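# Commentary on secondary and tertiary structure
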Amino acid sequence: MRIQPHIPFTLILLLGMVLCLTSCFREDFSTDPNDRLTFSADSIKFDTVFTQKGTATYSFQVYNRNKKALNISSVRLRNGAAGFYINVDGLPGPDVQDIEISGKDSLTVFVKAEVDPTGQDDPVKIEDDILFTVNGIDQRVVLQAYGQDAVLLRGETLTTDTEFTPEKPYLIYDSLVVAPEATLTLAPGVRLHFHNKAELKVRGTLQAGGTVDRPVTFRGDRLDNMFPTLPYDFLAGQWGGIRFYGESYGNRLDHISMRGSSYGIEADSSDISRLKIELSNSVIHNSAGTLFSATNSQIKAWNCQFTNAGNAVLKLSGGHAEFTHCTIANYYQFSWIRGALLTFDKYSGETVPDDEEKLQATFRNCLLAGNCTLMQPADIQDTDIRFYNTLFTVTGSDDDNFIGSVWEGKPDFKATGDNYLFDFRIGPNSSAIGAGNPEYVDDRLRTDLSGTPRPEGENPDLGAYQAVP
């Protein structure tokens, strides 16, 4: 005889109650076509997308603000071939069906864009819609991006003379190396975008010749935003930097715009009798470390803006350096500033190796400012470091090293960091106005960094910019 299992009456009662509760709380779905979804954004607009790279993932919320639940019968891309990809609360597209969303609840949709090469030099607009179908009614969120073809360089070494032209931007992974005896020429309007930690390593020669309207640009490859009001282009540390090795000479950089690097520009020790780097009409901005450093090198800079660094803005170790009509300032915002605005090493009074020369540095008609220590060392008496007609925001007095200085000066910059925006042109209340020595204005300096003429026969304004009423 088979013995039947004994099921206690209380267990049967509990099972019955569970079934009853389940049926009592079953979701009541609306079939009313007037019950609609709402969205946290009615359009998602990506910045320009490199066709070889793709974008970061964006997201938006889908809300059911009705009392009853809704069944989204379909979430789909209208044109699945446009280059957009969606994910609906963890379910990959391009077509996700039967999504239930309770009353007063929400879900998240993730979107990214990956655009196929367009075959065009200029950006090409791509569009699509995400369609949400509820009770036979379609609602949409518009997707928009621009696909930009680029010249992709991955770990490239240039062994012969090469010219980059501006038709398409250059997207650089790993490093771009200019070999000894080779020259890389960058035409006006060339754009170099460096991936994370990528570098430009110059063992040969770099010739970058931009114009006021078409500078040569060095920046990171993130074209999107970290936050709605903070583009990645505003951040430091997006890529490595530019390093000039010991065997590199005769580098000339005119009208360049370089920003967002990790270590800025570095110049290795070299023959002091030969020009290492000449920088003119250029903006070097926003480095996570030191912005510009040179060891035992001959450096010339005029009409240049050197601004914002997590460490020193200028670090000079031995060698010869001349700065004329330069704006040198530090209002770095992404960490505390670890170094002085100007940091000097291997100067008179210090022990210097026999194969290197003590630092000789000259600043003429310059403007120095920032929310950091001005100079290290603070006392430069008996050194070959001299400032002529230079604005300082600190208290001081002239001597053999400081001639014609403006002390406790007010730069009156246009913008120093509100909403992460910077504009180092000077305003009408600047102490730099008319404080320069006209003897230092040669033919190259008849116009300022932005192309504004300096007055002839009058005292020019200090720094890289002439004040414009």
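The coordinates are above.
Conventions used here
- Residues numbered from 1 in each chain as written.
- Predicted model: local features only at pLDDT ≥ 70, side-chain atom pairs only at ≥ 80, totals over all residues.
- Heavy atoms only, no water.
- Helix = DSSP H or I, 4+ residues; strand = E, 2+ residues; numbered from the N terminus.
- Rg over C-alpha atoms; globule rule 2.2 N^0.38 Å.
- Buried < 20%, exposed > 50% of the residue type's maximum accessible area, 1.4 Å probe, protein only.
- Contact = heavy atoms within 4.5 Å.
- Areas by Shrake-Rupley, 256 points an atom, 1.4 Å probe, with all protein chains shown as cover.
- Core = buried A, V, L, I, M, F, W, Y, C linked by side-chain atoms within 4.5 Å.
- Salt bridge = Lys/Arg side-chain N within 4 Å of Asp/Glu carboxyl O.
- Pairing = 2+ DSSP bridges.

### Observations regarding the overall build of the protein
- Counting secondary structure elements, the protein contains one helix and 39 strands.
- For 469 residues, the compact-globule estimate of 2.2 N^0.38 gives 23 Å, and the protein exceeds it by more than 25% at 31 Å.
- On the principal axes, the C-alpha backbone points of the protein span a range of 115 × 60 × 50 Å.
- Buried positions account for 49% of the 469 residues belonging to the protein.
- Of the contacts made within the protein by residues no fewer than 6 positions apart, 60% connect residues no fewer than 24 positions apart.
- By element, 47% of the accessible surface of the protein is carried by carbon and sulfur atoms, the whole surface being about 22,200 Å².

### Considerations on unusual backbone geometry
- Each neighbour pair has its own omega, and for Gly-93 with Pro-94 the value is 15°, a cis peptide bond.
- By the element assignment, Pro-94 lies in the loop between β6 (91–92) and β7 (95–101).
- Following Gln-376, the chain continues to Pro-377 via a peptide bond in cis, the omega torsion being 10°.
- On the secondary structure map, Pro-377 appears in the loop between β35 (375–376) and β36 (384–388).
- Here the phi dihedral of Asn-389 falls at roughly 50°; this positive angle occurs in a residue that is not glycine.

### Overview of the nonpolar core
- The biggest cluster of nonpolar side chains holds 63 residues, and the ones touching the most others in it are Phe-218, Leu-279, Phe-306, Phe-344, Phe-363 and Phe-387.
- Filtering out sequence-adjacent residues up to four positions away, Leu-279 remains in contact with Leu-253, Ile-256, Ile-265, Ile-284, Phe-292, Lys-300, Ala-301, Trp-302, Cys-304 and Phe-306.
- If you look at the next biggest cluster of nonpolar residues, it comprises 30 residues, including Tyr-58, Leu-70, Phe-84 and Ile-99.

### Quick word on the pattern of salt bridges
- Within this structure, the stated rule accounts for 18 salt bridges.
- Measuring nitrogen to oxygen at the nearest pair gives 3.4 Å for the salt bridge that ties Glu-114 to Lys-112.
- With relative accessibility at 36%, the residue Glu-114 sits in the partly exposed group.
- Of the charged contacts, one joins Arg-259 and Asp-233 as a salt bridge, the two residues approaching to 3.0 Å between their closest N and O atoms. Taken together, the residues span a long stretch of sequence, with Arg-259 in strand β25 (residues 256–267) and Asp-233 in the loop between β22 (230–231) and β23 (239–244) at a distance of 26 residues.
- A network of salt bridges, in which partner residues are shared, links Arg-252, Glu-278, Asp-442 and Arg-444.

### A closer look at the sheet that holds strand β1 (residues 38–39)
- On the basis of which strands lie adjacent, the open sheet formed by five strands has the order β1-β3-β8-β5-β6 and antiparallel pairing. The open sheet has two free edges, formed respectively by β1 and β6, since each of these has just one partner strand.
- Note: strand β5 (residues 84–88) against strand β8 (residues 105–113), five bridges, orientation antiparallel. Residue pairing in the sheet places Phe-84 in a bridge with Ala-113 of β8.

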